[in-house]
Amino acid sequence: MSTIFSQIVEGEIPARIVYEDEATAAFLDANPLAPGHTLVVPKEEYERLNDVPDDVAQDLYATIHRLVPAVEDAVDADATSVAFNNGEAAGQEVPHVHCHIVPRFEGDGGGNTHTMIGKQIDLDDDELDEIAGEIESNA
Ligand code: 5GP
């Protein structure tokens, strides 16, 4: 069973496609948070960012880079929030990697990444050193 985004890419269900190339596509979100809310996807199905091969990741970033100014200009936005919900625990509902480009406007009342969770945690220096070391050795 293919994802809803694969069905959009295949033209099996309608969407307002705003950009397409060999590897990627972009279309308006059906439940927009702002005018111009756009989703960018790889045409191949990968569930998470971690699953996307290097060459597709480059194509995906190139499309995001191209679409951000196109979206901002189209709706005269002051800025954009650009985000991936990467995994179910992070709120990802469609298991097909997608980047949200959400136009932002002065005074729109929306938050930034810190408001996703709402409270900051306290970590001491030892904990921070250990976590940084783990990430560094995994990278
Ligand atoms: P997620 O929560 O997985 O990061 O976001 C999925 C997004 O896909 C949501 O913003 C939702 O509005 C959008 N979406 C879900 N189904 C459809 C659809 O059939 N067409 C379009 N254009 N967007 C959809």
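The rules behind the values
- Residues numbered from 1 in each chain as written.
- Predicted model: local features only at pLDDT ≥ 70, side-chain atom pairs only at ≥ 80, totals over all residues.
- Heavy atoms only, no water.
- Pairing = 2+ DSSP bridges.
- Helix = DSSP H or I, 4+ residues; strand = E, 2+ residues; numbered from the N terminus.
- Axes fitted to C-alpha atoms, helices over the stretch in contact; angles between N-to-C directions.
- Contact = heavy atoms within 4.5 Å.
- Patch = residues over 30% accessible without salt bridge, like charges linked within 9 Å, V, L, I, M, F, W, Y side chains within 5 Å.
- Areas by Shrake-Rupley, 256 points an atom, 1.4 Å probe, with all protein chains shown as cover.
- Salt bridge = Lys/Arg side-chain N within 4 Å of Asp/Glu carboxyl O.
- Lys, Arg positive; Asp, Glu negative; His and termini not counted.
- Charge placed at Lys NZ, Arg CZ, Asp CG, Glu CD.
- Buried < 20%, exposed > 50% of the residue type's maximum accessible area, 1.4 Å probe, protein only.
- Polar contact = N/O pair within 3.5 Å; in protein donor to acceptor, adjacent residues only side chain to side chain.

1. Brief notes about the sheet that holds strand β3 (residues 38–42)
The strands that make up a sheet are held in pairs by hydrogen bonds between backbone atoms, and each pair lies either parallel or antiparallel. Within the open sheet, the 5 strands sit side by side as β1-β2-β3-β5-β4. Their pairing is antiparallel. Pairing within the sheet leaves two strands with one partner each, and these edge strands are β1 (17–20) and β4 (79–83). Between one strand axis and the next, the sheet turns through 20° on average, direction left out of account. Here β3 runs beside strand β5 (residues 99–104); their pairing, made up of 3 bridges, is antiparallel. In the strand pairing of β5, Val 40 is matched with Cys 99. Here helix α2 (residues 54–75) sits on the sheet in contact with β1, β2 (24–28), β3, β4 and β5, set at roughly 165° to β3.

2. Looking at a nonpolar patch on the surface
Taken together, the side chains of Ile 121, Leu 123, Leu 128, Ile 131 and Ile 135 make up a nonpolar region of the molecular surface, amounting to roughly 460 Å² of accessible area. By secondary structure assignment, the location of Leu 123 is in the loop between β5 and α3 (125–138).

3. Some details on a negative patch on the surface
A cluster of like negative charges, contributed by Asp 124, Asp 125, Asp 126, Glu 127, Asp 129, Glu 130 and Glu 134, occupies part of the molecular surface. A relative accessible area of 59% means that Asp 125 is categorised as exposed.

4. Remarks on the pattern of salt bridges
The full count for this structure, using the stated rule, is 2 salt bridges. Across the pair Glu 20 and Lys 43 runs a salt bridge whose closest N-O atoms are separated by 3.0 Å. Taken as a pair, Glu 20 in strand β1 and Lys 43 in the loop between β3 and α2 lie far apart in primary sequence, 23 residues in all. For the salt bridge of Asp 108 with Arg 104, the shortest nitrogen-to-oxygen distance reads 2.7 Å. By relative accessible area, which is 38% here, Asp 108 ends up partly exposed.

5. Quick word on the side chain of His 100
Assignment of secondary structure puts His 100 in strand β5. Separated by 2.9 Å, the side chains of His 100 and His 37 make a polar contact. The residues touching His 100, leaving out its near neighbours within four places in the chain, are Asp 29, His 37, Thr 38, Leu 39, Ser 81, Val 82, Ala 83 and Asn 85.

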